[in-house]
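Here are the chains, one letter per residue:
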Amino acid sequence: MKLRGVLVSHRNRQRERLLEHLDVMVGTVVECYRTCGKPGCACQQGKKHGPYYMLTWSEGGRTRTRHIPRHKLEEVKRMTRNYQVAREALRKLGEFNRRLVLEEQ
Ligand SMILES: [Zn+2]
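Residues numbered from 1 in each chain as written. Predicted model: local features only at pLDDT ≥ 70, side-chain atom pairs only at ≥ 80, totals over all residues. Heavy atoms only, no water.

**Thoughts on helix H1 (residues 3-20)**
Its 18 residues give H1 an end-to-end C-alpha distance of 26 Å, which sits within 8% of 26 Å, the value for a rise of 1.5 Å per residue. Here the buried face of H1 lies against helix H2 (73-103). (Helix = DSSP H or I, 4+ residues; strand = E, 2+ residues; numbered from the N terminus. Expected span 1.5 Å × (residues − 1). Contact = heavy atoms within 4.5 Å.)

Written out as structure tokens, the structure is:
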């Protein structure tokens, strides 16, 4: 196969990858543990409560966070992973298109 054909098939694969991962959510899932205020609670001896899960993201130069209910954790994880995959696919797609349009005759 000619280089152009190889580039077209790579480009098409990235298009498909992008389409398969469009269900995105921006942010990072963070696991946290906490201490409470109850006197004598085991958390004050290092046995902290948790894990709790938070989504953190950046918005207008500030870091925002929101609690993730346990029953939505897998959905949020899937969507934040999708964002990483889609972003990478989009970057590669742009690169293959540049090579196809400007570097290959
Ligand atoms: Zn406690």
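**Considerations on the packing of H1 against H2**
Axis separation between H1 and H2 bottoms out at 8 Å; the angle between their running directions is 155 degrees. Here H1 is positioned roughly antiparallel relative to H2, judged by the angle of their axes. In this structure, the crossing between H1 and H2 has a hand that is left-handed. Of the residues in H2, those touching H1 at Arg4, Leu7, Val8, His10, Arg11, Gln14, Arg15, Arg17 and Leu18 are Val85, Ala86, Glu88, Ala89, Leu90, Lys92, Leu93, Phe96, Asn97, Arg99 and Leu100. (Axes fitted to C-alpha atoms, helices over the stretch in contact; angles between N-to-C directions. Parallel < 35°, antiparallel > 145°, perpendicular 65-115°, else oblique. Left-handed = near helix turned anticlockwise from the far one by under 90°.)

**Side note on the coordination of the zinc ion**
Each donor-metal-donor angle would ideally measure 109.5 degrees in four-coordinate tetrahedral geometry, or 90 or 180 degrees in six-coordinate octahedral geometry. Every protein donor of the zinc ion is accounted for by Cys36 (SG), Cys41 (SG), Cys43 (SG) and His49 (NE2), and the metal-donor separations fall at 2.0 to 2.3 Å. Expressed as a motif, the donor residue spacing for the zinc ion is C-x4-C-x1-C-x5-H. (Donors = N, O, S within 2.8 Å, 3.2 Å for Na, K, Ca; no water.)

**Brief notes about the sheet that holds strand E3 (residues 62-67)**
Within a sheet, neighbouring strands are paired by backbone hydrogen bonds and run either parallel or antiparallel to one another. Across the sheet, three strands lie side by side as E1-E2-E3; this open sheet has antiparallel pairing. With partners counted over all chains shown, the strands left at the sheet margins are strand E1 (28-34) and E3, one partner each. Averaged over all pairs of adjacent strands, the angle between strand axes in this sheet comes to 40 degrees, irrespective of strand direction. Summarising the sheet, strand E2 (residues 49-59) and E3 pair through six bridges and their orientation is antiparallel. Directly across from Met54, in E3, lies its bridge partner His67. Here H2 sits on the sheet in contact with E1 and E2, set at roughly 140 degrees to E1. (Pairing = 2+ DSSP bridges.)

**Re the side chain of Thr56**
By secondary structure assignment, the location of Thr56 is in strand E2. Given a relative accessible area of 19%, Thr56 falls into the buried group. If we skip the residues at most four places from it in the chain, Thr56 touches Gly27, Thr28, Val30, Thr63, Arg64 and Thr65. (Buried < 20%, exposed > 50% of the residue type's maximum accessible area, 1.4 Å probe, protein only.)

These figures come from the coordinates and say nothing about function on their own.
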